[in-house]
Amino acid sequence: MKIILFVIIVLAFLTSCKKEVNLDDLKAPAVPEGRRLRAIMEDRYSDESIILGITCGIWAFNTPYEVVVDREFNYVTPENDFKQSTIHPDNTEWNFENAYKWIDHIHQNNQILRIHCPIGPQVSDWTQKDKRTAEELELNLTDFLTAVCTTFNGVQGVVYMDVVNETIINGEWFGPKIGSGPRIWENPWTIIGVDENDVNKTPLYISKAFEITNELAPDIKQIYNHHEGPENTESWNLIKQTVLYLKAKGLRVDAIGWQAHVDNGWATEENLNALRDLIDWTQNNGMEFHVTEASSFIKEKLSDEELELQAETYSKILEVLLAKRSNGKVGWNTWHLTDLYTYRSEYYPSIFDENCEAKPAYYAIQNLLETYTQK
């Protein structure tokens, strides 16, 4: 059974790529014109009112792709290497190997790290079993977060962690749902129960997660992460109420995260105003705001026009963050390293192409960071 599950996971990863490539055969990507993003950030934004980062997996280590990560960014988010499905896939096994490699990496390259270990969908195969119980799920959640927090709290460079993720969809609590593969949204955690005394019947796993991370990771800033766009006001209103509910219980939420997987052309003035309003609410309530997973999906035929629209979409979102950093710290993190190996690679979402060379989106970000003047 384990062999079959492994094959399914490998096939799912390979089908997400445009073609099979031996990473050992890759050539070093060309260095873009102008200054590196990392150099610009360390020069123009040394106050760290805004941080700029990238997500990639352990698969990039010891390949030319690793060079790009370290050349361009001093802030990194490991893709899946700190998730429950990697570190604690059932109630007996533990695997911190990849996580420790990341810690060594950031120390060698003077980077900071956000632990992407949220309690949320896309969990381990163990939690997809039909006979799972609330008690088993709570034990798994508790053991996993306890281990992550006690292992990495106080470690140099570990600054942020995603505590929960994708808790809501279309204005309603998401879950439970039985999954069947590595990209299915299972989210079984609502089985643990809800707070019957709360008007929104908030799932108990959310407060349980923050209780553990608050207690055991006092040195790590804790993020409530979500995937829907800020124009989805019904969902974000429920998130706002949930964050205030957590704060009323004496729990610490340090930042709101938005997984900004958007389509090309998303950055209309209406949508950008919704983003501004969300950032204002976040900062007014004493929290940082982070774009945790930036994408701009090209769903039309790839063309120069679409690449320019992608560049505009990326830069307009980043420009909003730059404008808001005077009111509180903000962060921007792209979820993609290259259009070859990435989530939804068929939509060319990265700021680097299949050869990991800079696209117009990269240069738009570079130019904005170099020239932006606070208004």
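This report concerns the structure included in the present document.

## Some remarks on the packing of helix 10 (residues 304-324) against helix 11 (residues 360-371)
Here is step 1: Between helix 10 and helix 11, whose axes approach to 8 Å, the crossing angle comes to 30 degrees. It follows from the interaxial angle that helix 10 and helix 11 lie roughly parallel. Crossing of helix 10 over helix 11 shows right-handed handedness. Packed against helix 10, whose contacting residues are Leu-307, Glu-308, Gln-310, Ala-311, Tyr-314, Ser-315, Leu-318, Glu-319 and Leu-322, the element helix 11 presents Pro-360, Ala-361, Ala-364, Ile-365, Leu-368 and Leu-369 at the interface.
Here is step 2: The residue makeup of the contact of helix 10 with helix 11, split by class, is 11 nonpolar, two polar and two charged.

## Section: the pairing of strand 10 (residues 288-297)
Here is step 1: For strand 10, the buried fraction is high: 10 of the 10 residues fall into the buried class.
Here is step 2: Inspection of the sheet shows strand 9 (residues 261-263) paired to strand 10 by three bridges, in the parallel sense. Of the residues in strand 10, the one forming a bridge with Val-262 is Ser-296.
Here is step 3: Examined bridge by bridge, strand 10 and strand 11 (residues 330-334) share four bridges and lie parallel to one another.

## A few points about empty space enclosed by the protein
Here is step 1: All told, the structure shown has one cavity of 30 Å³ or more when counted by the stated rule.
Here is step 2: Estimates place the volume of the largest cavity at around 50 Å³.
Here is step 3: Counting residues per element, the ones that place at least two in the lining of the largest cavity are strand 10 and helix 10.
Here is step 4: Counted by class, the lining of the largest cavity contains seven nonpolar, three polar and no charged residues.

Thresholds, definitions, all that
- Residues numbered from 1 in each chain as written.
- Predicted model: local features only at pLDDT ≥ 70, side-chain atom pairs only at ≥ 80, totals over all residues.
- Heavy atoms only, no water.
- Axes fitted to C-alpha atoms, helices over the stretch in contact; angles between N-to-C directions.
- Helix = DSSP H or I, 4+ residues; strand = E, 2+ residues; numbered from the N terminus.
- Parallel < 35°, antiparallel > 145°, perpendicular 65-115°, else oblique.
- Left-handed = near helix turned anticlockwise from the far one by under 90°.
- Contact = heavy atoms within 4.5 Å.
- Nonpolar A, V, L, I, M, F, W, Y, C, P; charged D, E, K, R; others polar.
- Buried < 20%, exposed > 50% of the residue type's maximum accessible area, 1.4 Å probe, protein only.
- Pairing = 2+ DSSP bridges.
- 1 Å grid on protein atoms, 1.4 Å probe; cavity = no way out; pocket = protein on both sides within 12 Å on 5 of 7 lines; lining within 4 Å.
- Points joined across faces, edges and corners; volume = space filled by probe spheres on them.

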